[in-house]
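Spelled out, the chains give:
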Amino acid sequence: MAGTSYSAGAKVAIQLAPPSGTSIRIIEWGVSFNGSAAGTPAVCTLAQASAASTTTTAHSTSTIMPVGDNAKASSLTMSTTGSGFGSGAITTNTTERQFAAALVGPTSQYEKQFPLGRDYVVLPSKFLQLRINTAAALTAIAYIVFEEC
């Protein structure tokens, strides 16, 4: 887990694309930075978008790992314009729904677990995006825990 380098500005760190007929329930998400000095916090948001962004690396069934008792392979659309990760440009700033946001310092981390029954659901054929907007170049490790439903 070396992380991904992000230049200043807004980027898509993780994008998940549930196919038609499948929703995903967000259980937890987090991000941490490797900055060595205090600085302007990054704005990290978790949002549903109707348009895909292009990420640098496509996810696969080996990068989206099942957890729990019913460990089956994911049915998400795996591609750089579907479910992917890296430092992708945001195609559209139109956000259908914003689920969460946090200001995270360059030497800090943030993790959020939603209580059962208080989680968010991403609709079929939409895109869940974890977006990172930094004031300076940083390296980050980001993750999303979800359930297909």
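Not measured: the values here are computed from a predicted model. (Residues numbered from 1 in each chain as written. Predicted model: local features only at pLDDT ≥ 70, side-chain atom pairs only at ≥ 80, totals over all residues. Heavy atoms only, no water.)

Colleague: Give me the overall build of the chain: which residues, what numbers.
Modeller: Within the chain one finds zero helices and eleven strands. In the chain, the succession of helices and strands from N to C terminus is β-β-β-β-β-β-β-β-β-β-β. In terms of C-alpha radius of gyration, the chain reaches 15 Å, essentially the compact-globule figure of 15 Å for 149 residues. Over its C-alpha atoms, taken along the principal directions, the chain stretches across nearly 45 × 30 × 30 Å. For the chain, the share of sequence-separated contacts (at least 6 apart) that also reach a separation of at least 24 residues comes to 89%. (Helix = DSSP H or I, 4+ residues; strand = E, 2+ residues; numbered from the N terminus. Rg over C-alpha atoms; globule rule 2.2 N^0.38 Å. Contact = heavy atoms within 4.5 Å.)

Colleague: Can you tell me about unusual backbone geometry, naming the residues and giving the values?
Modeller: Despite not being glycine, Ser125 shows a phi value in the positive range, around 65°. When you line up the elements, Ser125 lands in the loop between strand 9 (120–122) and strand 10 (127–134).

Colleague: Describe the confidence of the model for the chain, listing the residues and the values that go with them.
Modeller: In the predicted model, the chain carries a mean pLDDT of 89, and the fraction of residues at 70 or more is 95%. Model confidence for the chain, summarised as mean pLDDT per element, is weakest for strand 6 (residues 84–89) at 87 and strongest for strand 8 (residues 109–113) at 95. (pLDDT = per-residue confidence, 0-100.)

Colleague: Describe the packing of aromatic side chains, listing the residues and the values that go with them.
Modeller: Two descriptors summarise a pair of aromatic rings, namely the distance from one centre to the other and the angle between the planes of the rings. Throughout the structure, instances matching the rule amount to three aromatic pairs. Between Trp29 and Tyr110 the ring centres are 5.2 Å apart and the planes differ by 55°, which places this aromatic pair in the tilted class. Note that Trp29 is positioned in strand 3 (residues 24–33) and Tyr110 in strand 8, a separation of 81 residues in sequence. We classify Trp29 as buried; its relative accessible area is 0%. Looking at Tyr110, the relative accessible area reads 25%, which means it is partly exposed. Geometrically, the ring pair formed by Phe114 and Tyr120 is edge-to-face, given 5.2 Å between the ring centres and 85° between the ring planes. (Phe/Tyr/Trp six-rings, centres within 6.5 Å; stacked < 30°, edge-to-face > 60°. Buried < 20%, exposed > 50% of the residue type's maximum accessible area, 1.4 Å probe, protein only.)

Colleague: Hey, could you go over the environment of Pro41 for me, with residue numbers and the actual values?
Modeller: Looking at where Pro41 falls in the secondary structure, it is placed in the loop between strand 3 and strand 4 (42–49). Sequence separation between Pro41 and Ala135 is 94 residues, and the spatial gap between their C-alpha atoms is 7.5 Å. Residues contacting Pro41, with those up to four places away along its chain left out, are Leu103, Val104, Gly105 and Pro106.

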